[in-house]
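# Remarks on the overall topology
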Amino acid sequence: MEEDALDKLIGQWLAETPELDLQGMHVVGRIIWLGRHLEDRIETNLKPWGVSYTDFDILATLRRLGEPYSASLAVASRMTRRRIFSGLPLAFPTP
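Presented here is an overview of the structure given in this document. Residue numbers run consecutively from 1 along every chain, following the written order of its sequence. In view of the model being predicted, local features appear only for residues whose pLDDT reaches at least 70, and side-chain atom pairs are presented and counted only at 80 or more, with totals across whole chains, interfaces and linings using the full set of residues. To obtain the side-chain values, all non-hydrogen atoms of the structure were included, while hydrogens and water were left out.

The next point concerns the packing of helix α1 (residues 5-16) against helix α2 (residues 23-46). Inter-axis angles, ranging from 0 to 180 degrees, are taken between N-to-C directions of lines fitted to C-alpha atoms, where helices are fitted over the stretch in contact. A run of DSSP states H or I qualifies as a helix once it reaches four residues; a run of E qualifies as a strand once it reaches two. Both are numbered from the N-terminal end. Where α1 contacts α2, the axes come no closer than 10 Å and their chain directions differ by 160°. By the criterion of interaxial angle, the relationship of α1 to α2 is roughly antiparallel. Of the two elements, α1 crosses α2, and the hand of that crossing is right-handed. Contacts between α1 and α2 involve Leu6, Asp7, Leu9, Ile10 and Trp13 on the former and, on the latter, Met25, His26, Gly29 and Arg30. Angles below 35 degrees are treated as roughly parallel, those above 145 as roughly antiparallel, those between 65 and 115 as roughly perpendicular, and all remaining angles as oblique. Left-handed describes a crossing whose near helix is turned anticlockwise from the far helix through less than a right angle; right-handed describes the clockwise counterpart. Residue contacts are defined here by distance: any two heavy atoms, one from each residue, within 4.5 Å place the two residues in contact.

Dropping the structure here:
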């Protein structure tokens, strides 16, 4: 298997500090890489609808909260994976 950026980073750490156990760093690094890869794929699939991953996360949170499909900024920020920096209340448009 070809060495990637994470392998090189681990190699640099091992060269400088061979006494360290870097297995955890390697595993966590792979998990983070996979998460970013999946987010990129989700972004690609949402793009035709003009929706970002963050938009989708917020909309899913509001839907999960149930009627009236709105939340204060503080509640929505706690319940989404991302921080929301707008001061506007969040709500689905009413039909």
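A few words now on the pattern of salt bridges. For salt bridges, the criterion is a side-chain nitrogen of Lys or Arg within 4 Å of an Asp or Glu carboxyl oxygen. What the rule picks out here adds up to two salt bridges. One salt bridge in this structure joins arginine 30 and aspartate 4, with 2.6 Å as the shortest N-O distance. Taken together, the residues arginine 30 in helix α2 and aspartate 4 in the segment before α1 connect sequence positions 26 residues apart. A salt bridge links aspartate 7 to arginine 30, with the nearest nitrogen and oxygen atoms 2.9 Å apart. Residue aspartate 7 is found in helix α1, and its partner arginine 30 is found in helix α2; the two are separated by 23 residues along the sequence. The network of salt bridges with shared partners includes Asp4, Asp7 and Arg30.

What follows is about the packing of α2 against helix α3 (residues 53-65). For the pair α2 and α3, the least separation of the axes is 9 Å and the interaxial angle reads 85°. Comparing the axis directions of α2 and α3 gives the class roughly perpendicular. Contacts between α2 and α3 pair Glu39, Ile42, Glu43 and Leu46 from the former with Tyr53, Thr54 and Phe56 from the latter. Polar here means any residue other than Ala, Val, Leu, Ile, Met, Phe, Trp, Tyr, Cys and Pro, which are nonpolar, and Asp, Glu, Lys and Arg, which are charged; Gly is therefore polar. Looking at the contact of α2 with α3 residue by residue, the classes come out as four nonpolar, one polar and two charged.

With 13 residues, α3 should reach 18 Å at 1.5 Å per residue; the first-to-last C-alpha distance of 18 Å fits that figure. Burial status follows relative accessibility: with a 1.4 Å probe on protein chains alone, a residue under 20% of its type maximum counts as buried, one over 50% as exposed, and anything between as partly exposed. Looking at α3, one finds that the buried residues are Tyr53, Asp57, Ile58, Thr61 and Leu62. Positive phi appears at glycine 66, one or two residues downstream of α3, with a value of about 80°. Every helix has an expected span of 1.5 Å times one less than the residues it contains.

What follows concerns unusual backbone geometry. Of note, the bond from glutamate 67 into proline 68 is cis; its omega dihedral lies within 30 degrees of zero at 10°. Mapped onto the elements of the fold, proline 68 is located in the loop between α3 and β1 (70-71). Located in the positive-phi region is tyrosine 69, a residue other than glycine, with phi close to 55°. You can see tyrosine 69 is positioned in the loop between α3 and β1.

By themselves these figures say nothing about function.
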